[in-house]
Amino acid sequence: MAHAIEPTDQQLRDACARMARRFRWTDSFETVMQDACRSRLVRIAVSHPSAAGLVPAFAPRQPARRPLPPPLLGLPLFDRKRAAAGERDDE
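Keep in mind it's a predicted model, so treat the numbers as computed, not measured. (Residues numbered from 1 in each chain as written. Predicted model: local features only at pLDDT ≥ 70, side-chain atom pairs only at ≥ 80, totals over all residues. Heavy atoms only, no water.)

J.: Now, about the overall build of the protein chain: what can you tell me, with residues and values included?
T.: Counting secondary structure elements, the protein chain contains 4 helices and 0 strands. Written out in order from the N terminus, the α and β elements of the protein chain read α-α-α-α. For the protein chain, buried positions account for 16% of its 91 residues. Of the accessible surface of the protein chain, which amounts to about 8600 Å², a share of 57% is contributed by carbon and sulfur atoms. (Helix = DSSP H or I, 4+ residues; strand = E, 2+ residues; numbered from the N terminus. Buried < 20%, exposed > 50% of the residue type's maximum accessible area, 1.4 Å probe, protein only. Areas by Shrake-Rupley, 256 points an atom, 1.4 Å probe, with all protein chains shown as cover.)

Written out as C-alpha cells, the structure reads:
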C-alpha cells in the first residue's frame, strides 16, 4: 500500500494563506488547523490544488491552434457521390 507524503509546514501555510484570501478567513493559521473541517480543506488544497479550485503554478498552457484552411471556392474538383454511384462523365 502506498504511503501518503506529509506536506511540509510551509506548504500548509501557503495553502492556508491562499484559501484565507479566497474565502475571507480572518483566523490565524493555528486556529484554522485546529478546526477539523478547514484543516482538511487546507490539506486537500496542498495535495490536490485542482480539486480545491486552485490552479497550480506549473499548469501546462493550451497549445497554439493552427489556423483553419481557407474555404474552397467554386465547384469541387471531384464529386465523390457521383463516383460512388458509378456515374461517368463520358456517358
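So, next bit.
J.: Describe in detail helix α1 (residues 9–23), supporting the description with residues and values.
T.: Along its 15 residues, α1 runs 21 Å from first to last C-alpha, staying within 8% of the 21 Å computed at 1.5 Å per residue. When α1 is considered as a whole, its buried residues turn out to be Leu12, Ala15, Cys16, Met19 and Ala20. Summarising the axial view, the buried residues of α1 lie within an arc of 140°, below the 170-degree limit, and thus occupy one face. For α1, the secondary structure elements touched by its buried residues are α2 (29–34) and α3 (36–47). (Expected span 1.5 Å × (residues − 1). Arc of directions from axis to C-beta. Contact = heavy atoms within 4.5 Å.)

J.: Break down the side chain of arginine 38 for me, citing the residues and quoting the values.
T.: With respect to the element layout, arginine 38 can be found in helix α3. A distance of 2.7 Å separates a polar atom in the side chain of arginine 38 from a polar atom in the side chain of aspartate 27. When residues no more than four places from it in sequence are discounted, the contact partners of arginine 38 are Trp25, Asp27, Thr31 and Val32. (Polar contact = N/O pair within 3.5 Å; in protein donor to acceptor, adjacent residues only side chain to side chain.)

J.: Can you break down the packing of aromatic side chains residue by residue, with the values?
T.: As enumerated under the stated definition, the model contains 1 aromatic pair in all. Against the face of tryptophan 25 rests arginine 38, its NZ or CZ located 5.4 Å from the ring centre. (Phe/Tyr/Trp six-rings, centres within 6.5 Å; stacked < 30°, edge-to-face > 60°. Lys NZ or Arg CZ within 6 Å of the ring centre and 35° of its normal.)

J.: Just give me the short version of unusual backbone geometry, but keep the residues and values in it.
T.: Phi is positive for arginine 24, close to 60°, though the residue is something other than glycine. In this structure, arginine 24 sits in the loop between α1 and α2. For arginine 24, a relative accessible area of 70% gives the class exposed.

J.: Give a description of the pattern of salt bridges that names residues and reports values.
T.: Scanning all chains against the criterion turns up 6 salt bridges. Arginine 38 is paired through a salt bridge with aspartate 27; the nearest N and O atoms lie 2.7 Å apart. Of this pair, arginine 38 sits in helix α3 while aspartate 27 sits in the loop between α1 and α2, and the two are 11 residues apart along the sequence. With a relative accessible area of 16%, arginine 38 lands in the buried category. (Salt bridge = Lys/Arg side-chain N within 4 Å of Asp/Glu carboxyl O.)

J.: Help me get a handle on the side chain of serine 39, residues and values and all.
T.: With respect to the element layout, serine 39 can be found in helix α3. Classification of serine 39 as buried rests on a relative accessible area of 11%. Within the local environment of serine 39, its side chain forms a polar contact with the backbone oxygen of aspartate 35, the two atoms lying 2.9 Å apart. Ignoring sequence-local partners within four residues, the contact set of serine 39 consists of Val32 and Met33.

This is a description of form; function is not addressed.
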